[in-house]
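# Fold and geometry: a report
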Amino acid sequence: MTTISVPGKLILFGEYAVLQGSDALVIAVDRYVRCEVTPQPQMTVRSLGVNGHTVPTEIHSPFLIAVTQSLGAAPADFLVDSSGFQWTDAGGNARKLGLGSSAAATAAFTAALRYQLGMADPFNSADVYRIAQNAHHQVQGMGSGADVAASCFGGALHYRWIAERKEMPSQERGQWVRCTAGSGFCLSLTGGLTEVVVAWAGQSADTRNLVEAVHRARDADRSRYEDIMAVIEESSRLGQTAWCKGDRRALRKAAERGRNALEELGSLAKVVLVTDGHRRLSESLDGLNVCVKPTGAGGGDLAWIVTEDEGTDHRAITRLGEAGIPAWRLSVVNHGAHVSSPADRV
């Protein structure tokens, strides 16, 4: 048996704006989806459900079916395990962390199938991204692919998605990867934090519904929508610059700017992007000079606790623990798909 792992993601800056061609900062973190491959005469694909029981892929994941249709079958059993992207609350309930489980599962299965088919360089980041993003877009019909890119390339990425089928200009740094529905640009950022502190925002987010609500708001009031997007884009630019310089004070200020824009976007779209859970986190950390910023689409899942120094990281985690709020340190990992090692946390 061989096990292939890919990391999870956190979108720190540029949420929503990345859907219209702007830049985002997305990082790969040390929580993993694993795909166990066991040779056998026929191909079977199974997924590990939230209750720990395996279910057939035709019930669980159309993404994996789309990948198989693209690459073809291989004689093996593939078991996709996303349990590393979950945590168990005080009531014993399994909760998704919001680390991009469907994207990571698709990337892990893509890499594992390429490996089992004997393809050259089966873990090539661009090739795995292209197949996984095509499958993801085929099923969802929406999304920038930032989560797919993080799982495939690893590290901290300056990412852009252009939803047009055309040749993109070559870049001195980074690369464009052309897909069926558009092209993704991936540039690895140097410097920056080696880990981030995140906390549970109190509820799971419904990303699809949030994105659809924001798009309806865009169509109803494009002028105000574009003003908000301009602020999100600026916060992303400032945040990425601060990240590369390791300027944690500027990073916190950029995060505050982005959080305020998200709150205004939620007001425009009549959905809650900055939740009461985020406000509870801010109240619990009052006096520590931190920013509590939603990750990804907002609305719940993980909040990023942006501090100005490592000492405050420690104090924030301690204080949240005293308040009974789950918090974690997540390390930035500089790899995409790879054969698993004992160091991969699940």
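Residues numbered from 1 in each chain as written. Predicted model: local features only at pLDDT ≥ 70, side-chain atom pairs only at ≥ 80, totals over all residues. Heavy atoms only, no water.

### Side note on the nonpolar core
- Judged by nonpolar contacts, the single largest core of 82 residues is most densely connected at L10, I27, F78, Y129 and W243.
- Sorting elements by how many residues they give to this core places strand 2 (residues 24–39) first, with 10 residues.
- In contact with F78, not counting residues within four places along its chain, are C35, E36, V37, M43, T44, V45, R46, F109, A112, L113 and Q116.
- Counting residues in hydrophobic clusters, the runner-up holds 19 residues, among them V211, I232, A269 and L273. (Core = buried A, V, L, I, M, F, W, Y, C linked by side-chain atoms within 4.5 Å. Buried < 20%, exposed > 50% of the residue type's maximum accessible area, 1.4 Å probe, protein only. Helix = DSSP H or I, 4+ residues; strand = E, 2+ residues; numbered from the N terminus. Contact = heavy atoms within 4.5 Å.)

### Quick look at the pattern of salt bridges
- According to the stated counting rule, one finds 20 salt bridges in the structure shown.
- As a salt-bridge pair, R237 and E234 come within 2.7 Å of each other at their nearest N and O atoms. In this pair, R237 and E234 both sit in helix 7 (residues 222–245), 3 residues apart, roughly one turn of the helix.
- Taken together, the salt bridges that share partners define one network made up of R114, D127 and R130. (Salt bridge = Lys/Arg side-chain N within 4 Å of Asp/Glu carboxyl O.)

### Looking at the sheet that holds strand 14 (residues 327–331)
- Taken in spatial order, the 4 strands make up an open sheet running 12-13-11-14, and their pairing is antiparallel. This sheet does not close on itself; its edge strands, each paired only once, are strand 12 (291–294) and strand 14. Each neighbouring strand pair of the sheet contributes to a mean axis angle of 35 degrees, computed without reference to strand direction.
- Here 4 bridges tie strand 12 to strand 13 (residues 302–306), and the two strands are oriented antiparallel to one another. Residue pairing for strand 13: C291 is matched across the bridge by V306.
- Strand contacts of helix 9 (residues 276–284): strand 11 (195–200), strand 12 and strand 13, with the helix running at about 160 degrees to strand 12, the strand carrying the most contacts. (Pairing = 2+ DSSP bridges. Axes fitted to C-alpha atoms, helices over the stretch in contact; angles between N-to-C directions.)

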